[in-house]
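Chain and residue survey
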Amino acid sequence: MRILWIFLLLTGCSLWTGTYGKTPPPSVERIAHLLPEDLGDLPPKVVIALLVRNKAHVLPLALTYLDQLDYPKDRIALWIRSDHNSDASVAILSEWLKHVEPLYHSVDKLFNDTDQRHEDEKSLLDWPQARFHHLISLKEEAFVYAQKIWADYIFYLDADVLLTEPRTLKHLTNLGLPIVAPMLLSEGLYSNFWCGMTPDYYYLRTDMYREIYNVQQEGVFQVPMIHSAVLINVNYNGSSYLTFDRENLRTQLQNGLEYAASLGEQCRMYDGPVDDIIVFAISANCSKIPLFITNEVPFGYILQPLENTDQLEQDYKQLQNIKTNIIHDLGQVAEVKEYLKPFERKEEKDKLSLDHIYMINLERRPERREKMLKLFEALNLDVEYFPAVDGKRLTPEMIKELGIKFLPGYEDPYHHRPMTLGEIGCFLSHYHIWQTIVEKQQKEVLILEDDIRFEPYFKEKALGVMEQIRKVIDYDLVYFGRKRLKDEVEPWVDNTENLVHAGYSYWTLGYVISLKGAEKLLKAKPLEKLLPVDEFLPIMFNRHPNKTWAEAFPERDLLAFSAAPLLLYPTHYTGDYGYISDTEDSYVIESHQTNKSPSAAQLKSDPERSFLVEPRLDSTNVDLSEQTTITADAKSRDEF
């Protein structure tokens, strides 16, 4: 005993002798403090259940993101099923597993393309009872498998989910909840959760849904429905009540009718559809197992389910939209694994049936240029980079050398200041493109700036707008993106569905200009009476509210129209986090004040002053004579 005490003293240990000893037992906190920081519990064991059917268009990217999860692969077991395919889904999965299978704890896979359709399936997107029953049986099988291999969690993951956040699994398992889903974004407002459910078990619109989706509230929220990416704690006692099977659910409710009835109308004997996600939600809600959605992290994206009348091509277009959203939100789309690239769809780039597309960008803004190039790549657009004139490099001498004179009396209606160097550079950038169009005799050209966000299905909508206008009217300019500045009627163009006569507008985010339109703009000699380009254009199509400015340009016959709804929007608005303006946030050019004379008309810059719109007559003989008003402080220029 004496030798033991000496050993303990030498090693710095103390002996607890129990009830009769004099040394008290260490506290739990003290024990935790003594544990090495680099040692601890192993991450939970997770089964990822992946069901794949006809997802060849999204699989290379989805699997790339799945592979990038920051979670020990030797703690992940893959359970994969794929059947009834009419595309290369099985080939893609097989190629992927050939490279990654040794990294995972285990892989249980079963691929079968003997049959391409289920019984009574009229199309690839049809959901007859046989298809539902097959899917449900697979999900039930996956859960049993997770229990059998003593997994801690099972993560049901749809093949059209892109988990762009590497920490997704770590975050979800750390929450320690019985059932939780990461909130996923789509090309619209669709997501993988509901905030309300109708008495007949379908989606119920709620204000809370938008607040969660738009992250107006951030956190973990209990909701009645989650799907597509769902983590279930297999060790939770209540998980034994979970089911995707309608008959299993009815049996459970039958065995506990009194208990179920106490939970409300929704937990009556289930009479809803044979639907895996609805049945699962009811089985959880009626077993008092809460379902949670978390929006604490931007986890990823999801493709919306298609209607049975759609084509799979629609899914590919959705994927294009999702890619543009990823670029806007995260900067870039993940590079698909090299061995999966041969499976990616390849398309030739096009110019939207136009002669050319130019993108204006300052050389000192390479981050914007790179982002736009990635967007063009995602949309398969053939676009030429056009170096912008940098206002910061302009000097009074250079301005004089270019023959620039400023419009007498011009003052920014909102800021009450002369033009900035950035606004001069912006005008010159557009002006030089107009010159290039005329020199090269390009008949139709789209001009884009470098701070734009494309509407979903931009290409299809743009092609549709151009097809419509070519059929019905000889145009000079068509806005794809702009900022309307007046609450005025903009008449629809006859025999079109998506075109209006443009009213007073700001921004030059993106517009199509014809050769004839470019010639009209150059003929006006705007450098001799310069004002910002988004003031000049409305003057030229005779919709500017300031008559004094307009009279400086006698020929105001530009035929201008606008896509409705718009196809482009700015990436940031004034005051947004990350907003940078190379026109607004630059030096004010003072030298043009010398152009003023006692007889020069002065803008009445009182914010409360209203301007009148003079009548606009054009080739369509639309009556635009009704006068409308705008206050000067109702707008600001957020451009270039």
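Residues numbered from 1 in each chain as written. Predicted model: local features only at pLDDT ≥ 70, side-chain atom pairs only at ≥ 80, totals over all residues. Heavy atoms only, no water.

Among the eight residues that make up strand β2 (residues 76-83), eight are buried, leaving the element largely enclosed by the rest of the structure. The two faces of β2 match: Ile76, Leu78, Ile80 and Ser82 on one face and Ala77, Trp79, Arg81 and Asp83 on the other face are all buried. Pairing geometry for strand β1 (residues 46-52) and β2, over seven bridges, is parallel. Its bridge partner being in β2, valine 47 is matched across the sheet by alanine 77. (Buried < 20%, exposed > 50% of the residue type's maximum accessible area, 1.4 Å probe, protein only. Helix = DSSP H or I, 4+ residues; strand = E, 2+ residues; numbered from the N terminus. Pairing = 2+ DSSP bridges.)

Along the chain, the position of glutamine 442 falls in the loop between α14 (421-440) and β16 (444-448). Here glutamine 442 falls in the buried class, since its relative accessible area comes to 9%. Along the sequence, glutamine 442 and aspartate 355 sit 87 residues apart, while their C-alpha atoms lie 5.9 Å from each other. If we skip the residues at most four places from it in the chain, glutamine 442 touches Asp355, His356, Tyr358, Thr436, Ile437 and Leu515. In this structure the side chain of glutamine 442 is engaged in a polar contact, spanning 3.1 Å, whose partner is the side chain of tyrosine 358. (Contact = heavy atoms within 4.5 Å. Polar contact = N/O pair within 3.5 Å; in protein donor to acceptor, adjacent residues only side chain to side chain.)

A few words now on the sheet that holds strand β14 (residues 356-361). As summarised here, the arrangement of the seven strands in space is β15-β14-β16-β20-β18-β21-β19, forming an open sheet in which the pairing is mixed. This sheet does not close on itself; its edge strands, each paired only once, are β15 (384-387) and β19 (499-501). Looking at each pair of strands side by side, their axes are set apart by 35° on average, direction ignored. When β16 meets strand β20 (residues 505-514), the two strands line up antiparallel, connected through five bridges. Looking across to β20, one finds that leucine 446 is bridged to valine 512. (Axes fitted to C-alpha atoms, helices over the stretch in contact; angles between N-to-C directions.)

Turning next to the side chain of threonine 436. Note on placement: threonine 436 falls in helix α14. With relative accessibility at 14%, the residue threonine 436 sits in the buried group. Here histidine 432 takes part through its backbone oxygen, which lies 2.9 Å from a polar atom of the side chain of threonine 436. Apart from residues no more than four positions distant in its own chain, threonine 436 is found in contact with Tyr358, Phe386 and Gln442.

Here strand β18 (residues 477-484) lies mainly inside the structure; seven of its eight residues are buried. Pairing geometry for β18 and strand β21 (residues 560-563), over three bridges, is parallel. The residue of β21 that forms the bridge with valine 478 is phenylalanine 561.

Moving on, we come to the confidence of the model for the protein. Note: predicted coordinates in regions of low pLDDT should not be interpreted at a detailed level. Taken over all residues, the pLDDT of the protein has a mean of 85, while the share at 70 or more is 83%. Per-residue pLDDT stays below 50 along residues 14-20; that stretch engages in nine contacts with residues further than four places along the chain or on separate chains. pLDDT under 50 marks residues 583-640. Its contacts with residues more than four places away, or in other chains, come to 167 contacts. (pLDDT = per-residue confidence, 0-100.)

Another point: the pattern of salt bridges. Following the criterion strictly, the structure yields 36 salt bridges and no others. In this structure, the salt-bridge partner of arginine 345 is glutamate 313, at a minimum N-O distance of 2.8 Å. Taken together, the positions of arginine 345 in the loop between α11 (312-330) and β14 and glutamate 313 in helix α11 put the pair 32 residues apart, joining distant regions of the chain. Given a relative accessible area of 41%, arginine 345 falls into the partly exposed group. Residue glutamate 313 is classed as partly exposed on the basis of its relative accessible area of 33%. Here glutamate 423 and arginine 417 are joined by a salt bridge, their closest N and O atoms 3.2 Å apart. The network of salt bridges with shared partners includes Asp474, Asp476, Lys516 and Lys520. (Salt bridge = Lys/Arg side-chain N within 4 Å of Asp/Glu carboxyl O.)

Now for the layout of surface pockets. Looking at the largest pocket, its volume works out to about 1500 Å³. Lining the largest pocket are 45 residues, with Trp127, Asp158, Tyr190, Pro305 and Leu306 sitting closest to its centre. Of all the secondary-structure elements, those providing two or more residues to the lining of the largest pocket are β1, β2, α5 (129-148), β8 (193-194), α10 (276-285) and α11. Sorting elements by how many residues they give to the lining of the largest pocket places α5 first, with six residues. (1 Å grid on protein atoms, 1.4 Å probe; cavity = no way out; pocket = protein on both sides within 12 Å on 5 of 7 lines; lining within 4 Å. Points joined across faces, edges and corners; volume = space filled by probe spheres on them.)

Take the environment of valine 465 next. Mapped onto the secondary structure, valine 465 falls in helix α15 (residues 458-472). On the basis of relative accessible area, valine 465 is assigned to the buried category, the value being 2%. Those residues in contact with valine 465 that lie beyond four places of it in its chain are Val478, Phe480, Asn498, Leu499, Ala563 and Leu567.

So, about the packing of α14 against helix α16 (residues 515-523). If you want to describe how two helices pack, look at the angle between their axes and the distance between the axes. Following both chains from N to C, one finds α14 and α16 inclined at 125°, their axes separated by 9 Å at the closest point. It follows from the interaxial angle that α14 and α16 lie oblique. The handedness of the crossing between α14 and α16 is left-handed. Side by side, α14 and α16 meet where Tyr431, Trp434, Gln435, Ile437 and Val438 of the first sit next to Leu515, Ala518, Glu519, Leu521 and Leu522 of the second. Looking at the contact of α14 with α16 residue by residue, the class counts come to eight nonpolar, one polar and one charged. (Parallel < 35°, antiparallel > 145°, perpendicular 65-115°, else oblique. Left-handed = near helix turned anticlockwise from the far one by under 90°. Nonpolar A, V, L, I, M, F, W, Y, C, P; charged D, E, K, R; others polar.)

It is worth spelling out the packing of aromatic side chains at this point. The final tally for this structure, using the stated rule, is 22 aromatic pairs. With a centroid separation of 4.8 Å and 50° between ring planes, the pair formed by tyrosine 201 and tyrosine 270 is classed as tilted. Here the residue tyrosine 201 occupies a position in the loop between β8 and α7 (207-213), and tyrosine 270 occupies one in the loop between α9 (257-261) and α10, the gap between them amounting to 69 residues. For tyrosine 201, a relative accessible area of 1% puts it in the buried group. (Phe/Tyr/Trp six-rings, centres within 6.5 Å; stacked < 30°, edge-to-face > 60°.)

As a further point, take empty space enclosed by the protein. Inspection of the entire model under this criterion finds six cavities of 30 Å³ or more. For the lining of the largest cavity, a count of residues per class yields 10 nonpolar, two polar and three charged.

Before going further, it helps to examine α5. When the terminal C-alpha atoms of α5 are compared, their 29 Å separation across 20 residues agrees well with the 28 Å that a helix rising 1.5 Å per residue should span. Within α5, the full set of buried residues consists of Arg131, Phe132, Leu135, Ile136, Leu138, Lys139, Ala142, Phe143, Tyr145 and Ala146. Summarising the contacts, the buried residues of α5 are in contact with β1, β2, β3 (106-112), β4 (153-158), β11 (229-233) and α10. Taken from the residues just after α5, tryptophan 150 is the one with a positive phi, measuring 60°. (Expected span 1.5 Å × (residues − 1).)

Attention now moves to the packing of helix α3 (residues 59-67) against helix α4 (residues 89-100). Between α3 and α4, the least distance of the axes is 10 Å, while the angle of their chain directions is 25°. Considering the angle they form, α3 stands roughly parallel to α4. Judged by the twist between their axes, the crossing of α3 over α4 is right-handed. In this structure, α3 contributes Leu59, Pro60, Leu63, Leu66 and Asp67 to the contact, and α4 contributes Ser89, Ile92, Leu93, Trp96 and Val100. Class assignment of the residues belonging to the contact of α3 with α4 gives a composition of eight nonpolar, one polar and one charged.

On to unusual backbone geometry. The residue after alanine 564, namely proline 565, is reached through a cis peptide bond having omega 5°. Here proline 565 is to be found in the loop between β21 and β22 (568-570). Phi at asparagine 495 is positive, roughly 65°, even though this residue is not glycine. Summarising the element assignment, asparagine 495 is placed in the loop between β18 and β19. A positive phi is found at asparagine 542, a non-glycine position, where the angle reads about 60°. Residue position: asparagine 542 is located in the loop between α17 (533-540) and α18 (547-550). Overall, asparagine 542 belongs to the buried group, its relative accessible area being 12%.

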